[in-house]
Amino acid sequence: MSTTVQAPPTSPEAPLAPKTVVRRNWKAPIAFGVLTLGLVALVLARPHSGETTFRVASKTDFFTIPQFSVPALTTAWVAIAICALVTVVSLLQARAAKKLSLWLVAGFGIVALAGFLTWAGADGTVPLVGLFAGTLTLAIPLIFGAMCGVVGERVGVVNIAIEGQLLLGAFTGALVGTMTGSVWPGALAAMVAGALVALVLAWFAITYYVDQIIVGVVLNVLILGLTNFLYTEIMSSDIETYNRPPAFPRIPIPLLGDIPLIGPVLFRQPLPVYAMFAMVALLAWGLYRTKWGLRVRAVGEHPQAADTVGINVKRTRYLNVVLAGAIAGAGGATYTLMAVTQFGQEMTGGAGYIALAAVIFGRWDPIRATLAALLFGFTSSLAGLLSVLGSPVPSQFMLMLPYVVTIVAVAGLVGKSRGPAAVGTPYIKG
């Protein structure tokens, strides 16, 4: 009699180790490569054999820094070689799934800009003080708009209406400033106008759960038509009575205002510029270091959890959206009470949308959004400088430059960016 012995069941296979998903971001190397090739194409198309002179100081500084000249063609090719090297380094980092260093991005931008300016300013003088001062002037409303976007979206409300808030703030500031003969009532009225637009946005988006993007677009179109109508019917008929506002005077800070290059740019400015510096610092500190900032971020990330611990979600959103609108209104006032001192139809020119792009590029952080706004202001100032220098770059491209840089920055350099989890989502209690 034979006995059949069954073999013991085979042991289950050991669990497979989880596969590691390697995420490689090729956006920065591609953007670097495109920009480097673009610079090569410019130099090959219009080679300049002259010299470019850079002026870095003014006569009122503590001490005079002499201007210096560099060979245009040689410097441009050296800059191209460095940019190509940085592109290769970023490519290797992306292949190894390493995070791209911020210093590498900044270094590429500085070198590429130096090469481009040297090529564009051949046989001429590039006034760096004027370039950077123009950058700050053009970036001021963008920074106010970006801070409006940061506060609004951190609390969970998408604010497409920044453009309308800037435009209505500029109109109201000019109108009230002219009628009262003072900049302060004009600035206050501009802030109130921006806050009222934000209140309408909050009313539809928070109370009635209307799509926030649609409400923002509708408000922009409404304010555009309203300001154009009022400008035609009121301002243009009597400019001296309704559209000649005073301007904030420049307030130079003693000693600091006489520092070469930095002084004229940062410390010889009107009061709203100094207030802007303080506002950015205050928001950067308050958003991460105070109870207010904690509540704002909690409502924007997880409103249900915030409601559970006793935070009134709707009230928090209402208050902060209105606060953000007042900030944008103040930014609009800088158009008519500081720079131009006269309102013009559609004078914001899409600045609200660029400010919104600065919010995304800055990853919803006040400091980073400010730096992004300065970048976009710099491109506008650069376009104006190239026109003065008589650069061979076509004028149409100069007009496109700020928007091209906006697209490249947001789509090419920002990488993967995640906003507040509940942004754009209405909160329905229960």
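Above this note sits the structure.
Residues numbered from 1 in each chain as written. Predicted model: local features only at pLDDT ≥ 70, side-chain atom pairs only at ≥ 80, totals over all residues. Heavy atoms only, no water.

Visitor: How do you make sense of the overall build of the chain when you look at a structure like this?
Guide: Of regular secondary structure, the chain possesses 16 helices and five strands. Taken over 430 residues, the chain has a buried fraction of 47%. Contacts in the chain between residues at least 24 apart in sequence constitute 77% of all its contacts with a sequence separation of at least 6. If you sum the accessible surface of the chain, you get close to 21,900 Å²; carbon and sulfur atoms cover 69% of it. (Helix = DSSP H or I, 4+ residues; strand = E, 2+ residues; numbered from the N terminus. Buried < 20%, exposed > 50% of the residue type's maximum accessible area, 1.4 Å probe, protein only. Contact = heavy atoms within 4.5 Å. Areas by Shrake-Rupley, 256 points an atom, 1.4 Å probe, with all protein chains shown as cover.)

Visitor: What should I look at first to understand the pattern of salt bridges in this one?
Guide: Once the charged atoms of two side chains with opposite charge are near each other, the side chains can pair. Overall, the coordinates contain two salt bridges when judged by the stated rule. One salt bridge connects R268 with D258, and the closest N-O pair in it is separated by 3.7 Å. On the criterion of sequence distance, the pair formed by R268 in strand β5 (residues 268–270) and D258 in the loop between β4 (250–252) and α9 (262–266) is long-range, its members being 10 residues apart. The exposure class of D258 is partly exposed, given its relative accessible area of 26%. (Salt bridge = Lys/Arg side-chain N within 4 Å of Asp/Glu carboxyl O.)

Visitor: What is the right way to read the sheet that holds strand β1 (residues 51–55) from this model?
Guide: The strands making up a sheet are joined through hydrogen bonds of the backbone, oriented either antiparallel or parallel. Pairing is mixed in the open sheet, where three strands are placed in the order β2-β1-β3. Edge positions in the sheet fall to β2 (68–71) and β3 (125–127), since each of these pairs with one other strand and no more. Going from strand to strand, the sheet's axes swing by 25° on average, the running direction of each strand aside. Relative to β2, β1 runs antiparallel, the two being bridged by four bridges. Directly across from T53, in β2, lies its bridge partner S69. With respect to the sheet, helix α4 (residues 128–154) is in contact with β1 and β3, its orientation differing from that of β3 by roughly 40°. (Pairing = 2+ DSSP bridges. Axes fitted to C-alpha atoms, helices over the stretch in contact; angles between N-to-C directions.)

Visitor: Please explain the packing of aromatic side chains as it appears in this structure.
Guide: Here a ring pair, both rings aromatic, is described through the centre-centre distance and the interplanar angle of the planes. The full count for this structure, using the stated rule, is 10 aromatic pairs. Centroid distance F171 to F343: 5.3 Å. Interplanar angle 85°. Geometry classified as edge-to-face. Of this pair, F171 sits in helix α5 (residues 162–180) while F343 sits in the loop between α13 (313–339) and α14 (351–361), placing them 172 residues apart in sequence. Here F171 and F343 have matching classes, each one buried. (Phe/Tyr/Trp six-rings, centres within 6.5 Å; stacked < 30°, edge-to-face > 60°.)

Visitor: I would appreciate a short explanation of a nonpolar patch on the surface in the present structure.
Guide: Together, V200, W203, F204, Y208 and V210 line one region of the surface with nonpolar side chains, adding up to about 430 Å² of accessible area. Following the sequence through the fold, W203 ends up in helix α6 (residues 183–207). (Patch = residues over 30% accessible without salt bridge, like charges linked within 9 Å, V, L, I, M, F, W, Y side chains within 5 Å.)

Visitor: Help me understand unusual backbone geometry, please; the structure alone is not making it clear to me.
Guide: One can expect most non-glycine residues to show negative phi and most peptide bonds to be in trans. A positive phi angle, near 65°, is found at L261, a position not held by glycine. Note that L261 resides in the loop between β4 and α9. For T341, which is not a glycine, the phi torsion comes out positive at approximately 55°. On the basis of relative accessible area, T341 is assigned to the partly exposed category, the value being 23%.

Visitor: Is there a simple way to explain empty space enclosed by the protein in this structure?
Guide: Using a probe with the size of a water molecule, rolled over the atoms, empty space left in the structure can be pinpointed. Throughout the structure, instances matching the rule amount to one cavity of 30 Å³ or more. Taken together, A205, I206, Y209, Q212, K314, R317, P426 and Y427 make up the lining of the largest cavity. Within the residue set of the lining of the largest cavity, elements represented by two or more residues are α6 and α13. For the lining of the largest cavity, the per-class residue count stands at five nonpolar, one polar and two charged. (1 Å grid on protein atoms, 1.4 Å probe; cavity = no way out; pocket = protein on both sides within 12 Å on 5 of 7 lines; lining within 4 Å. Points joined across faces, edges and corners; volume = space filled by probe spheres on them. Nonpolar A, V, L, I, M, F, W, Y, C, P; charged D, E, K, R; others polar.)

Visitor: Any chance you could explain the nonpolar core here in plain terms?
Guide: The nonpolar side chains of soluble globular proteins are, as a tendency, buried together. Counting 89 residues, the largest nonpolar core has M147, M276, M279, F343, F376 and L382 as the members making the most contacts within it. The dominant element in this core, judged by the number of residues it contributes, is α4, at 13 residues. Not counting the four nearest positions on each side in its chain, M147 is found in contact with M279, V280, L283, I327, P366, A369 and T370. (Core = buried A, V, L, I, M, F, W, Y, C linked by side-chain atoms within 4.5 Å.)

Visitor: Could you clarify how one ought to interpret the environment of F32 in this entry?
Guide: Summarising the element assignment, F32 is placed in helix α1 (residues 27–45). For F32, a relative accessible area of 1% translates into the label buried. For the pair F32 and G109, spaced 77 residues apart in sequence, the C-alpha to C-alpha distance is 9.1 Å.

Visitor: Even after reading the chapter, I still don't get the packing of α4 against α14, so can you show me in this structure?
Guide: Working note: a packed helix pair is described by the angle between its axes plus the distance between those axes. For the pair α4 and α14, interaxial distance at closest approach is 8 Å and the crossing angle is 55°. As the angle between them shows, α4 and α14 are arranged oblique. Here the hand of the crossing between α4 and α14 comes out right-handed. On α14, the residues touching L142, G145, A146, G149, V150 and E153 of α4 are A351, I354, A355, L356, A358 and V359. Looking at the contact of α4 with α14, its residues break down into nine nonpolar, two polar and one charged. (Parallel < 35°, antiparallel > 145°, perpendicular 65-115°, else oblique. Left-handed = near helix turned anticlockwise from the far one by under 90°.)

Visitor: Sorry, what's going on with the pairing of β1 here?
Guide: Taken residue by residue, a regular strand's side chains alternate between the two faces of the sheet. Two elements, β1 and β3, share three bridges in a ladder whose sense is parallel. Looking at the pairing, R55 lines up with P127 of β3.

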